[in-house]
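These are the residues of each chain, in order.
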Amino acid sequence: MQTTKREGRWLSVQRFILSKKNHIMTISIILIVIGFVSKLVFKNQMIAICSLAIASVLGVLPIAIQAVQALKVKVISIDVLVTIAVIGAFLIKNLEESAIVTFLFLFGSFLEQRTLNKTRSAIKELTEMAPESALKLMENGEFEEVEVDEVDVGDVLLVKTGSKIPVDGTVLAGEGYVNEASITGESVPVSKKKDSGVYAGTILENGTIQIIANRVGEDTTFGRIIELVEEAQDSKSEAERFIDRFSKYYTPAVLVLAFMVWLIIRDVEIAITILVLGCPGALVIGVPVSNVAGIGNGARHGVLLKGSEIISDFSKVDTIVFDKTGTLTIGNPKVIDKEVYGGNTEKVLSYLASVEKESDHPLAKAIVEYIGDTTLYTVEKTDVVKGSGIVAYVDGHRVAVGNVSLMVKENVPLSEKAKADISSFQERGNSLVLTAVDGELKVLMGIRDQIREGVKEDLQKLKKLGVKNLVVLSGDNQGTVDLVAKELGLTEAHENMLPEDKAAYIEKLIAKGQIVAFVGDGVNDSPSLVLAQVGIAMGGGTDVAIETSDVVLMNSDFSRLPHALGLAKATARNMRQNIIIAVGVIVILLASVFLSEWMNMTIGMLAHEGSILVVIFNGMRLLRYKLKY
Amino acid sequence: MKKATIQLETLTCPSCILKVENATKSVPGVDKDSVKVMFNSSKVKFDFDDEKTSVEEVEKAITALGYQVMKSKVK
C-alpha cells in the first residue's frame, strides 16, 4: 500500500515535469544566453558554469523521465540515447554542449508537435464534423438533448434549423433543406420531406424535421467514412513496415556502437556524439507524414484514398478501365440530328409526340422531350412491334414509328436522299427513329447520348499523368460505344460486356503486366473493383462502393479522377523523397563522425532535429497540392 | 475476446509508437498480435480477453508512460 502511494506521487511529479516541458525549454534558453554572455562579455566563469549546469540538469529532466519510462517497457528510445549523451557530456565537464543539446532536443520536439498538427489538420477538420449531440424524444414525450452515443436505432430525434443531423435516418415529419457536403461533396442543399433519407454529419439549413434513427455512430455512412480515413492515414506499406523493423534494432545498435567506440578508442566525445546521431527520427516519421498530408488533401477534395499501399499502387497505374459509357456520357439520350421529308411537319410532329407519349422507351422519352409542347391527339389501336417500333392510328392516319426494319415491314419506300441520311446519321453514332404517316416517310431522327462536359479534358490530363491505356467496357449495344471511344481518344472499347466478362478482361490485362485501375459505380461491378489493382468507386457514398473499393470519388464526380491520380503520384514521390532525406542525413552524419573534424554533439543534434523538420515541411507541401494542368 | 480502442493525447515523437505498443503488449490478457498503435490519429487498437484483463489495466500501463488517455471504447 505504502509503495503504491509513493509510486503514485512519483508519477504525478513526472507528469508535472513533462507538462512543463515548454517552460523548461524557455528557462533553459535564457540560462544558456546568460551563461554565454557572462563568459564572453563579463569574463565571469563562475556564473557561466552555474547557469549552464542548471540549464543542463533542468533540460535533461523531462528527457530522462521519458527515457526511464521507455526502458521500463523495454524500448531503447532516442530519449535514452540523448540522456546518456548529456550525462556523459556533463561528466567530462562539457557544459556548453550538454546545455545546448538538451535545449535543441526540447525545441525540436516542440516544433515537431506544432508542424505535425498542421499535416494532420485536413483530416481533423473532417472528423470534427462528426455530430456530438441530438434532441431525443423521451418517454415523457419531450425532446431532450443527449450525447450522440446515447442514441439507439429506432429513437425519434428532432433536428432544428442550422444543426447537424446526428444519425442516418428517415424523415418522419417536417420538411427542410439539407446541405450534404460532408457526404457527397456537393454543397447545393437537397430538399427533404417525409420518408426521405438523411445522413449523419449533414446540416439542416432550414426547416425543422423529426427523424427516426436507422443507423447510429460508427455504422452511419459518415462514421464509416471517418473510420476509413483514420485507418487509411495510419495504414502501412511494405516499405514502412521494413523501416519500422529496422528502426527497432537500429537504436539499440547505436548504443552498442557508441559503447564499443568508447571502449576501443577511449574517446568519450566521439562516443556521445554517436549517441546523439543515433535516432532515425526522420526515417520513422517521414512516411507517415507524407501519408497523412496526402490523404488529408484528398479528403478535402472529395477523394478518399484508402492507405499508403494503395497510394503506391495508384501512382503506378498505366491502364484505366471504365465500367460503362454512362460514366463518360451524360446517360440521357437526346435528339441530336433531324431530317424532314415532305410538308406538314408540324402535324407530323404532333402525331409523333402523341404516339411516343404512350411509351416509356428511353428513345421515346428523348423524342417527347425534344418536341416539347404540342397538340396531342388520341391514339388508337396501338400495336407494339417488338424490337422495331410502334404502329398506331392517330387522327385517322396510320402512323409508324420505329427503326429501318419497321419501315421495310410497313412497305415504306425510302428515297435515295433518305438512304444517304440514314447512313450518315448512323456514322455519327445515332440510334435512328423513322416516322411514316400513311406509308410515307416524314421524319428521320438521330438520337444519341452526349459526352459529359469536361470528360475529354479530364482524360487528356490522365494521359499527361502517364496513363497509357484508357479502356471502356460497356454493357450497351447501341453502337454508341465506338463513337464515344473515338471522340474521347480511348485506346480500346468493348461492347456487350456482362459483369463477369469485365472481370475476365481485367484479369487478362493484369496477366499482361499492366497496372489496372477500374472505375465503376460499384453496383454490379464489385468483382472488377476487387480484381483490379486499384478499384475506384464513383459512388455518392453508397455502401458497397465504399467497402469494396480502394479509392472513392465522392459525389460521383469524374473531374476528381485526375486530381486523385496526380495526388497519389505526388504523395508517393513525397514519401520517396522523405526516405532519401532521412537515410541520407544518417549516412552523412555517421560518416562525418569518423571522417571529419567539425562534427560534434551540437551539430549532430541540430542535423537530427533539422532533418525531422525538413521531412515534415516536405510532407506539408502535399496539403496544398493541386493539379497543374 | 473483446475489441478496444483507446484515444490518446496527440502523439508526436517517433519513439512514442514503440513505447505505447510495448506497454500495451505487456498487459497479460492482451492479444499481442492485435495491438496496433495509430500514429496520426493517436489511437491504440487491440483485442483482449475480458476474463483476464480490462481496458482500465491497459490504460494504467499507458498512463504510467506519461501519456494521457482521452477516451476509450470497448466493443
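Definitions and cut-offs
Along every chain, residues carry numbers that run from 1 in the direction the sequence is written. Whichever chain is written first is A, and whichever ligand is written first is 1; the rest continue in order. This being a predicted model, a pLDDT of at least 70 is required before a residue's local features are given, and a value of 80 or more before pairs of side-chain atoms are given or counted; all residues contribute to the totals for chains, interfaces and linings. The numbering of helices and of strands both runs from the N terminus, where a helix is a DSSP run of H or I of at least 4 residues and a strand a run of E of at least 2. Throughout, a pair of residues is in contact if the C-beta atoms placed from their backbones lie within 7 Å. Note on pairing: two strands pair once DSSP finds at least 2 bridges between them. Every residue carries a pLDDT, the predictor's confidence in it, which falls somewhere between 0 and 100. In this analysis an axis means a line fitted to C-alpha atoms, helices contributing only their contacting stretch, and an angle means the value between N-to-C directions, from 0 to 180 degrees. Put simply, angles under 35 degrees are roughly parallel, angles over 145 are roughly antiparallel, angles from 65 to 115 are roughly perpendicular, and the rest are oblique. Helix crossings are classified by the rotation of the near helix relative to the far one: an anticlockwise turn of less than a right angle makes the crossing left-handed, while a clockwise turn makes it right-handed. Polar here means any residue other than Ala, Val, Leu, Ile, Met, Phe, Trp, Tyr, Cys and Pro, which are nonpolar, and Asp, Glu, Lys and Arg, which are charged; Gly is therefore polar. Where each domain starts and ends comes from a domain assignment, either automatic or drawn from a database. Buried Ala, Val, Leu, Ile, Met, Phe, Trp, Tyr and Cys residues form a nonpolar core when they are connected through C-beta atoms within 7 Å. The burial criterion counts other C-beta atoms lying within 10 Å of a residue's C-beta, which is placed from the backbone; the residue is buried at 20 or more, exposed at 12 or fewer, and partly exposed between these limits. Expected span, for any helix, means 1.5 Å times one less than how many residues it has.

### Concerning the overall build of chain B
A count of helical and extended segments in chain B gives two helices and four strands. The long-range fraction of contacts in chain B, counting pairs at least 24 apart against all pairs at least 6 apart in sequence, stands at 67%.

### Comments concerning the pairing of strand S3 (residues 43-48) of chain B
Residues and elements named next belong to chain B. Pairing between strand S1 (residues 2-8) and S3: six bridges, direction antiparallel. From the neighbouring strand, Gln7 faces S3, where its bridge partner is Lys43. In this sheet, S3 lies alongside strand S2 (residues 36-38) in antiparallel orientation, the contact comprising three bridges. Looking across to S3, one finds that Lys36 is bridged to Lys45.

### Considering the confidence of the model for chain B
Low pLDDT means the predicted atomic positions in that stretch should not be read closely. For chain B, mean pLDDT is 85; residues scoring 70 or higher make up 99% of the total. The ipTM for the predicted assembly is 0.83, set against a pTM of 0.73.

### So, the packing of helix H18 (residues 455-464) of chain A against helix H23 (residues 560-595) of chain A
Residues and elements named next belong to chain A. One way to put it is that H18 packs onto H23 with a least axis distance of 9 Å and a crossing angle of 15 degrees. One finds that H18 runs roughly parallel with respect to H23. In this structure, H18 meets H23 at a crossing whose hand is left-handed. When H18 is examined against H23, the residues Asp458, Lys461 and Leu462 are found in contact with a partner set consisting of Leu561, Pro562 and Leu565. Its residues assigned to classes, the contact of H18 with H23 comprises four nonpolar, no polar and two charged.

### Describing the interface of chain A and chain B
Each side of the interface is counted separately: chain A has 29 residues, and chain B has 17 residues. Counting only elements with at least two residues in the side of chain A that touches chain B, the list comes to helix H1 (2-19), helix H3 (45-72), helix H4 (78-91), helix H5 (95-119), helix H8 (221-234) and helix H11 (281-300) of chain A. Looking at the side of chain A that touches chain B, its residues break down into twelve nonpolar, nine polar and eight charged.

### Regarding the domain arrangement of chain A
Here chain A is described as being made up of domain 1 (11-119), domain 2 (132-215), domain 3 (227-294 + 570-624), domain 4 (304-329 + 452-564) and domain 5 (334-448). Here domain 4 of chain A and domain 5 of chain A have C-alpha centroids that lie 36 Å from each other.

### Considering the sheet that holds strand S9 (residues 319-322) of chain A
All names here are of chain A. An order of S8-S20-S19-S18-S9-S16-S17 is seen for the seven strands of this open sheet, with the pairing classed as mixed. Since the sheet does not close on itself, it has two edges, and those belong to strand S8 (303-305) and strand S17 (492-494), each with one partner. Neighbour to neighbour, the strand axes of the sheet diverge by 15 degrees on average, direction disregarded. Pairing of strand S16 (residues 469-473) with S17, which is carried by three bridges, proceeds in the parallel orientation. When the sheet's bridge partners are listed, Leu473 is paired in S17 with His494.

### Some details on the nonpolar core
All names here are of chain A. Counting 167 residues, the largest nonpolar core has Ala85, Val276, Val321, Ala517 and Val551 as its most contacted members. Per element, the largest residue contribution to this core is twelve residues, and it comes from H23. The next biggest cluster of nonpolar side chains, apart from the first, holds 30 residues, and it includes Leu352, Val355, Val394 and Val433.

### Let's talk about the sheet that holds strand S15 (residues 440-448) of chain A
Residue and element names in this part refer to chain A. Strand order in the open sheet made by the six strands is S10-S15-S14-S13-S12-S11, with antiparallel pairing throughout. Looking at the sheet topology across the chains shown, the edges are occupied by strand S10 (334-340) and strand S11 (379-385). Adjacent strand axes in the sheet meet at a mean angle of 15 degrees when their direction is disregarded. Note: strand S13 (residues 397-402) against strand S14 (residues 431-437), four bridges, orientation antiparallel.

### Description of helix H9 (residues 238-265) of chain A
Residue and element names in this part refer to chain A. A rise of 1.5 Å per residue sets the reference length of H9, with its 28 residues, at 40 Å; its end C-alpha atoms lie 39 Å apart and thus fit the reference within 8%. Looking at H9, one finds that the buried residues are Glu240, Ile243, Thr251, Val254, Ala258 and Val261. Buried positions along H9 lie against H4, helix H10 (268-277), H11 and helix H12 (308-315).

### Topic: unusual backbone geometry
Residues and elements named next belong to chain A. The backbone of Lys74 sits at a positive phi, close to 60 degrees, despite the residue not being glycine. With respect to the helices and strands, Lys74 occurs in the loop between H3 and H4. We note that Arg266 has phi near 55 degrees; this positive angle belongs to a residue other than glycine. Within the fold, Arg266 resides in the loop between H9 and H10.

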